[in-house]
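# A closer look at the structure
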Amino acid sequence: MFTGIIEEIGEITAITPSGDGWRLTVRAPKAAADAVHGESIAVSGVCLTVVGSTPESFDADVMKQTLDVAALATASVGTRVNIEKAMPVGARLGGHIVQGHVDGVGTVIDVRPGEQWSVLRISLPDDLAPLVVDKGSISVDGTSLTVSAVSDPSTPDAWFEVSLIPETLAATTLGSRAVGDRVNLETDILARHVERLLAFRAAPEGGSR
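For clarity, every value in this text was computed on a predicted model and none was experimentally measured.

Let us now look at the pairing of strand 12 (residues 182-187). Of all the 6 residues making up strand 12, 5 are buried; the element is thus mostly covered by neighbouring parts of the structure. Pairing of strand 9 (residues 137-140) with strand 12, which is carried by 3 bridges, proceeds in the antiparallel orientation. Note that in strand 12 the partner of V140 across the bridge is L185.

Next comes the structure, spelled out in structure tokens:
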């Protein structure tokens, strides 16, 4: 479990094919310093399991299913990634509950820089649009953010906006995002549970339960 509060920006230093997936080597000194085999680290919002480490970097396997649904599939050696270690029991929940299970990929469609902040508009896959609400929480590349605007339900191409404060711009990869960049999205787990519950409530009587 994660909070979406990024601890450092890492860099992918090696990608090795492994079956139908990858083995990544990520340089992230803070995370790697005390990393142990089997622990979870979120890499731009994707929960990965450490399979090896040095004082400067860690290795993790990425399976095909993850590559199919996450923007990580377009990464290459040199790609900068957001890093967060799993939340310890008893720690403050500074962001929101983030599982590291990417729901889909959005595309940056507008960047509006301001004097103190920047606003990103990001496209939403149709199946995720009902789960994103104004002032709600969303994880973008593993970063816990508050939704500052959403498209009207009648809009053909759904989108949402997030307003990034200077700390977020400096401490995460979102500060360098440009129009056309793909980002990992994880919606609020509570919204997903409600959607599933309502789907069963709406099922015809006698249907599958």
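What follows picks up the thread again.
Here the focus is the pattern of salt bridges. In the structure shown here, the tally under the stated rule is 12 salt bridges. The salt bridge involving D103 is made with R192; its shortest N-O contact spans 3.3 Å. Taken together, the positions of D103 in the loop between strand 6 (80-85) and strand 7 (104-113) and R192 in helix 4 (residues 189-201) put the pair 89 residues apart, joining distant regions of the chain. Here D134 ties to K135 by a salt bridge, and the two come within 3.2 Å at their closest N and O atoms. For K135, a relative accessible area of 58% puts it in the exposed group. Among the charged side chains, a network of salt bridges with common partners joins D110, R112, R121 and E161.

A separate point is a nonpolar patch on the surface. On the surface, a nonpolar cluster with roughly 270 Å² of combined accessible area is contributed by M1, L93 and I97. In this fold, L93 is placed in the loop between strand 6 and strand 7. Here L93 falls in the partly exposed class, since its relative accessible area comes to 43%.

With 5 of 6 residues buried, strand 11 (residues 159-164) lies mostly within the body of the structure. The pairing of strand 8 (residues 118-123) with strand 11 spans 6 bridges and is classified as antiparallel. Along strand 11, the bridge assignment pairs L120 with V162. As defined by bridge partners, strand 10 (residues 143-150) adjoins strand 11 across 3 bridges and the pair is classed as antiparallel. Directly across from V147, in strand 11, lies its bridge partner V162.

The rules behind these values
Residues numbered from 1 in each chain as written. Predicted model: local features only at pLDDT ≥ 70, side-chain atom pairs only at ≥ 80, totals over all residues. Heavy atoms only, no water. Buried < 20%, exposed > 50% of the residue type's maximum accessible area, 1.4 Å probe, protein only. Helix = DSSP H or I, 4+ residues; strand = E, 2+ residues; numbered from the N terminus. Pairing = 2+ DSSP bridges. Salt bridge = Lys/Arg side-chain N within 4 Å of Asp/Glu carboxyl O. Patch = residues over 30% accessible without salt bridge, like charges linked within 9 Å, V, L, I, M, F, W, Y side chains within 5 Å. Areas by Shrake-Rupley, 256 points an atom, 1.4 Å probe, with all protein chains shown as cover.

All quantities given are derived from atomic positions and should not be read as evidence of function.
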